[in-house]
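# A structural walkthrough
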Amino acid sequence: MADDKDVLRDVWFGRIPACFTLSPEETTEREAEPYYLLLPRVSYLTLVTDKVKKHFLRVMKAEDVEEMWLEYEGTPLKWHYPIGVLFDLHASNTALPWNVTVHFKNFPEDDLLHCASNSVIEAHFMSCIKEADALKHKGQVINDMQKKDHKQLWMGLQNDKFDQFWAMNRKLMEYPTEEGGFRYIPFRIYQTMSDRPFIQKLFRPVSPEGHTLTLGDLLKELFPAAICAEGGWHQR
Amino acid sequence: MHLGIFKITYNRTATHFMDDCFVNLGEEMAGERNPASCYLDERTFQLCCQLFLQHSETIQDGWSWEQIKGTDEGFMKKTVLMPVKPSVLHKQHEYSIQDENMVTDDIQANVEDETAGVQAVCEIHAVLRYEYHVLYSCSYQIPVLYFRASTLDGRPLSLEEVWSNVHPNYRQRLQQGPWDTLTQQEHPLLGQPFFMLHPCRTEEFMKPALDLAQAENKRMNYIVTWLSVVGPVLRLDVPLSYSTEVSAPD
């Protein structure tokens, strides 16, 4: 997979056009214009919406401003999910641009994690990378990398630098050829119809008989409801 | 030597173990005299929890099992009312536009308060509600401790306030690594914001206990040992009777 650079580039450079509108519940000194932005699918909302914040702060008084949070059709958007996942989960069937509502008050404490600074995003991102490597390589690759390598991985994401990112991520995507694959596949199946945010289980990429397994095999075993009887696909 | 290190670091006697639920040594170790694995599979996790819960029932310690509907997964939970010094609650979650160093400054202030030895003569305590969840992580193959805290009128505590309530002995250690710490996380089964104690150091403190148990040919309840170590960091008390009593399922 790490050999197919075109696919990697297409995934990395995927964008979602979004339109940010201030919630009518917010108190403003003058009318707020909507703000348009192309969002990177692989990044996180709080990492790429500084411009959105600055745009709306211009029409607001400081005392009316608390931590910014985003919402789509009444659902608070979890900044700690990649943007592409959020869009696919909530809005993939609707017309573009993605209409997101901006709030500065009444932070939904029961739904959203706080995000006081970029270091919170970095810690979350690195924690996900580490967990994925625990599944792929028992954590050996990530633990053998130096602190500056971890930093490069994060900076690559933060600054949208494909080559910088993949110079490091390449190591995390390798496996010994005799193994036939990673120890376990790091995956999460996100769903909206349940309290449980996602399904995550141990899954080996090679069957006990030595056959390479596919995504279809994974779904059949762990989420059969996603595949209907005739062999087609359910929506979400 | 292992026993010595374990005692000094964690201030607990390491010699009492629950004599019923044994630690799974992992398939690669069958028949060999290897160091015991620090990891446990999900089935063993559940068995250890069931035995733990039986004893909790006996001493009315308040733990219960939550099963996820339609699955074979679940977790242990317990709610505690905890009196704390009012100063813990002065750290409101203040969001400001230039906010990078706020957390560190507040922690410093609290450490100084505690060590200055200044005490009010008559302190009225605030009461907090702490809810602890013990979950299984299949990625790391170990248990993980999640919790959430709120005031009695339902206001959730901020990360800063939760930090203030971490036992002073543990604060410095928790500040050391970026991953070995306390962070807000989404509860993987309930989808709501909780706090989590990062599991990265689990191997470090479980290994000596597991090696010792194996050397003495004793069987140990992983959950009892593990929770006895991590619980106190978050003011969760695990009575010593867990380590000494046998809850025999007969």
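Residues numbered from 1 in each chain as written. Chains lettered and ligands numbered in written order. Predicted model: local features only at pLDDT ≥ 70, side-chain atom pairs only at ≥ 80, totals over all residues. Heavy atoms only, no water.

Per an unreviewed UniProt entry, chain B carries the name Ubiquitin-like-conjugating enzyme ATG10 and comes from Carassius auratus. Recorded under Sequence similarities (unreviewed entry), the UniProt text for chain B is reproduced unchanged: "Belongs to the ATG10 family." (UniProt positions renumbered as here; feature names shortened; annotations may be inferred.)

The name an unreviewed UniProt entry gives chain A is Autophagy protein 5, with Carassius auratus as the organism. Its UniProt record gives chain A a comment under Subcellular location (unreviewed entry), which states: "Preautophagosomal structure membrane". Taken directly from UniProt, the Sequence similarities (unreviewed entry) text for chain A runs: "Belongs to the ATG5 family."

So, on to the overall build of chain B. Broken down by element type, chain B carries eight helices and six strands. Scanning chain B from its N terminus toward the C terminus, one meets helices and strands in the order α-α-β-β-α-β-β-α-α-β-β-α-α-α. Buried residues in chain B amount to 50% of all 250 residues. Of the contacts made within chain B by residues no fewer than 6 positions apart, 66% connect residues no fewer than 24 positions apart. When the accessible surface of chain B is split by element, carbon and sulfur atoms take 52% of a total near 12700 Å². (Helix = DSSP H or I, 4+ residues; strand = E, 2+ residues; numbered from the N terminus. Buried < 20%, exposed > 50% of the residue type's maximum accessible area, 1.4 Å probe, protein only. Contact = heavy atoms within 4.5 Å. Areas by Shrake-Rupley, 256 points an atom, 1.4 Å probe, with all protein chains shown as cover.)

As a further point, take the sheet that holds strand β6 (residues 193-197) of chain B. Residue and element names in this part refer to chain B. The strand order β1-β2-β3-β4-β6-β5 describes an open sheet built from six strands, whose pairing is antiparallel. Both outer strands of the open sheet, β1 (64-67) and β5 (182-186), are each paired with one neighbouring strand and no more. On average, adjacent strands in this sheet sit at an angle of 35° to one another, irrespective of strand direction. Here strand β3 (residues 126-137) pairs with strand β4 (residues 142-151) via 10 bridges, running antiparallel. Each bridged residue has a counterpart across the sheet, and for Tyr136 the counterpart in β4 is Pro143. Those strands touched by helix α2 (residues 42-59) are β1, β2 (74-84), β3 and β4, and its axis lies near 140° from that of β1. In this fold helix α7 (residues 222-230) packs onto β2, β3, β4 and β6, with an angle of close to 45° to the strand it touches most, β4. (Pairing = 2+ DSSP bridges. Axes fitted to C-alpha atoms, helices over the stretch in contact; angles between N-to-C directions.)

This part is about helix α7 (residues 147-158) of chain A. Residue and element names in this part refer to chain A. A rise of 1.5 Å per residue sets the reference length of α7, with its 12 residues, at 16 Å; its end C-alpha atoms lie 16 Å apart and thus fit the reference within 8%. Three or more residues of α7 are buried, namely Asp149, His150, Leu153, Trp154, Gly156 and Leu157. An end-on view of α7 places all buried positions within 155° of arc, on one side of the element. Those residues of α7 that are exposed and aimed more than 90 degrees away from the buried face are Lys147 and Lys148. For α7, the secondary structure elements touched by its buried residues are α1 (5-12), α2 (45-48), α5 (118-137), α6 (140-144) and α8 (162-172). Looking one or two residues past α7, Asp160 carries a phi angle of roughly 55°, positive in sign. (Expected span 1.5 Å × (residues − 1). Arc of directions from axis to C-beta.)

Here we come to the pairing of β6 of chain B. Residues and elements named next belong to chain B. Taking burial as the measure, the five residues of β6 include five buried ones, the bulk of the element. Here β6 shows two buried faces, one formed by Pro193, Phe195 and Leu197 and the other by Phe194 and Met196. Looking at chain direction, β5 and β6 are connected through five bridges and run antiparallel. Looking at the pairing, Gln185 lines up with Phe194 of β6.

To continue, consider the UniProt feature "domain: Autophagy protein ATG5 UblA" (unreviewed entry) in chain A. UniProt feature "domain: Autophagy protein ATG5 UblA" (unreviewed entry): in the numbering of this structure it lies at residues 11-104 of chain A. Secondary structure content for residues 11-104 of chain A is 23% helix and 28% strand, while the C-alpha to C-alpha distance between its ends is 32 Å.

Right, let's get into the sheet that holds strand β2 (residues 35-40) of chain A. Residues and elements named next belong to chain A. Taken together, five strands build an open sheet; the order of strands is β2-β1-β5-β3-β4 and the sheet is mixed. For this open sheet the edge positions go to β2 and β4 (75-76), each flanked by a neighbour on one side alone. In this sheet, strand β5 (residues 98-103) lies alongside strand β1 (residues 15-22) in parallel orientation, the contact comprising five bridges. Counted as the bridge partner of Cys19 is Asn99 from β5. Relative to the sheet, helix α3 (residues 50-57) contacts β1, β2 and β5, its axis offset from that of β2 by approximately 165°.

If you walk through the whole model with that rule in mind, you get 17 salt bridges over all chains. For Lys105 of chain A, the salt bridge goes to Glu66 of chain A, with nearest N and O atoms at 3.4 Å. Of this pair, Lys105 of chain A sits in the loop between β5 and α5 while Glu66 of chain A sits in the loop between α3 and β3 (69-72), and the two are 39 residues apart along the sequence. Overall, the relative accessible area of 37% leaves Glu66 of chain A in the partly exposed class. For Glu131 of chain B, the salt bridge goes to Arg129 of chain B, with nearest N and O atoms at 3.8 Å. If you follow the salt bridges from partner to partner, you end up with Lys148, Asp149 and Lys171 of chain A in one network. (Salt bridge = Lys/Arg side-chain N within 4 Å of Asp/Glu carboxyl O.)

So, on to the UniProt feature "domain: Autophagy protein ATG5 UblB" (unreviewed entry) in chain A. Residues annotated by UniProt as "domain: Autophagy protein ATG5 UblB" (unreviewed entry) correspond here to residues 184-226 of chain A. For residues 184-226 of chain A, the end-to-end C-alpha separation is 21 Å, with 19% helix and 9% strand making up the annotated structure.

This part covers the interface of chain B and chain A. Counting from both sides, the interface comprises 27 residues of chain B and, opposite them, 31 residues of chain A. Around 2700 Å² of area is buried between chain B and chain A when both sides are counted, 55% of it from carbon and sulfur atoms. Run the count over chain B and chain A and you get three salt bridges. Where Lys201 of chain A meets Glu73 of chain B, a salt bridge forms, and the shortest distance between an N and an O atom there is 3.8 Å. (Buried area = accessible area lost by both parts, 1.4 Å probe.)

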